[in-house]
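A look at the structure
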Amino acid sequence: MNGFILGVLAALTSAFSWAVSTILVKVGMRNKSPVAVNIVRLYIVSAMFAVIFALTGTFGEILSLKPELLGVAFLSGILGFVVGDYFYFHALNDMGVSRTVPVTSTYPLWVILWAALFLGRHITIRMLIGAVLVVASVVIVKKAEESEHSIRRGFIFAVLAPVSWSLAIILMDWLTSRMPVLPLAGLRMMFAALGISVVLPRYSGELRELTAREVAVLTGVALSGLLIGQYLFVYAVGEVGSQIAAPVSAINPIIASALAMLLLKEPPNGRILAGLLLAVTGVILISA
């Protein structure tokens, strides 16, 4: 099996891992704020990567990395999991899911733009059409969800979130040719955990109220969504580039909706099936 196919499969598997993570949060974390969930999952996955680094001798590799590479990895982690998620969560709070997700789901299109401008990647019309179909599939599905109130600040945050995520992915793409996948994936999580610590005092009361069951759920969230999902995504970017990996993995909301129908017995929705069809078509166009 060649590297291109492995890269696409890794991107698809990362999307599935992120979807599983979403389902776990829906089931076990209904009473906690998204930021508190993000803090705990980043701490947990950082501890997981630290153990893996210790067992594999990866800390030695990290200490030999050039400072500029560590700086770019730090910026990528902060942009992706602290700044981008901050904008996303506040947009959700201001505008609701159905207005926020259609805007934030455009991040693969931003990734394609940055990949062409900054990394010199060749973007075909077929890849662009495929990316648009993936974005459209997410929009269709999320439009079926109930809307909340909408304010201008929320829209600005919803625009800034995918821009921040896409820049984080492009920086990571640049790094994949300069450092191994494992330390890159782990360092981004650790740096993100370090960065999000600035808001820790604000959520300390909520975090102290976590139950053992909620910690167990968040451990599953960290394992599936951040350790496995992010490792596979970094691997996919290294194999096929961010201009392919990002649109392919962006179908994770569609997978999450399908899993919710199957596992949580949510009622079937025609838009989900239509979105799934569009997403599959888009992935085929991107990876053909």
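Above this note sits the structure.
Residues numbered from 1 in each chain as written. Predicted model: local features only at pLDDT ≥ 70, side-chain atom pairs only at ≥ 80, totals over all residues. Heavy atoms only, no water.

Some words on the pattern of salt bridges
What the rule picks out here adds up to three salt bridges. Of the charged contacts, one joins E214 and K32 as a salt bridge, the two residues approaching to 3.4 Å between their closest N and O atoms. Here the residue E214 occupies a position in helix α11 (residues 212-240), and K32 occupies one in the loop between α1 (3-28) and α2 (34-56), the gap between them amounting to 182 residues. For the pair E214 and K32, one class covers both residues: buried. The salt bridge partner of R121 is D173, with a shortest N-O separation of 2.8 Å. With R121 in the loop between α6 (107-118) and α7 (125-142) and D173 in helix α8 (residues 152-176), this pair connects stretches of sequence that are 52 residues apart. Of the residues examined, R121 reaches a relative accessible area of 25% and is grouped as partly exposed. You can call D173 buried: its relative accessible area is 3%. (Salt bridge = Lys/Arg side-chain N within 4 Å of Asp/Glu carboxyl O. Helix = DSSP H or I, 4+ residues; strand = E, 2+ residues; numbered from the N terminus. Buried < 20%, exposed > 50% of the residue type's maximum accessible area, 1.4 Å probe, protein only.)

Description of the packing of aromatic side chains
As enumerated under the stated definition, the model contains 12 aromatic pairs in all. An angle of 65° between the planes, with centres 5.9 Å apart, marks the rings of Y86 and F87 as edge-to-face. Taking relative accessible area as the criterion, Y86 reaches 38% and is therefore assigned partly exposed. According to the relative accessible area criterion, F87 is buried, its value standing at 17%. Aromatic pair Y107 and W165: ring centres 6.0 Å apart, planes at 85°, arrangement edge-to-face. (Phe/Tyr/Trp six-rings, centres within 6.5 Å; stacked < 30°, edge-to-face > 60°.)

Quick look at a nonpolar patch on the surface
Together, F4, I5, L6 and L9 make up an exposed nonpolar region whose accessible area comes to about 300 Å². Mapped onto the secondary structure, L6 falls in helix α1. For L6, a relative accessible area of 33% translates into the label partly exposed. (Patch = residues over 30% accessible without salt bridge, like charges linked within 9 Å, V, L, I, M, F, W, Y side chains within 5 Å. Areas by Shrake-Rupley, 256 points an atom, 1.4 Å probe, with all protein chains shown as cover.)

Some words on helix α14 (residues 270-287)
Taking 1.5 Å of rise per residue, 18 residues should cover 26 Å, and α14 covers 26 Å from first to last C-alpha, within 8% of that figure. All buried positions along α14 are accounted for by I272, G275, A279, G282, V283 and I286. Buried residues in α14, looked at end-on, bunch into an arc of 100°, giving them a common side. What points out from α14, more than 90 degrees from its buried face, is the exposed set G270, L273, L277 and I284. (Expected span 1.5 Å × (residues − 1). Arc of directions from axis to C-beta.)

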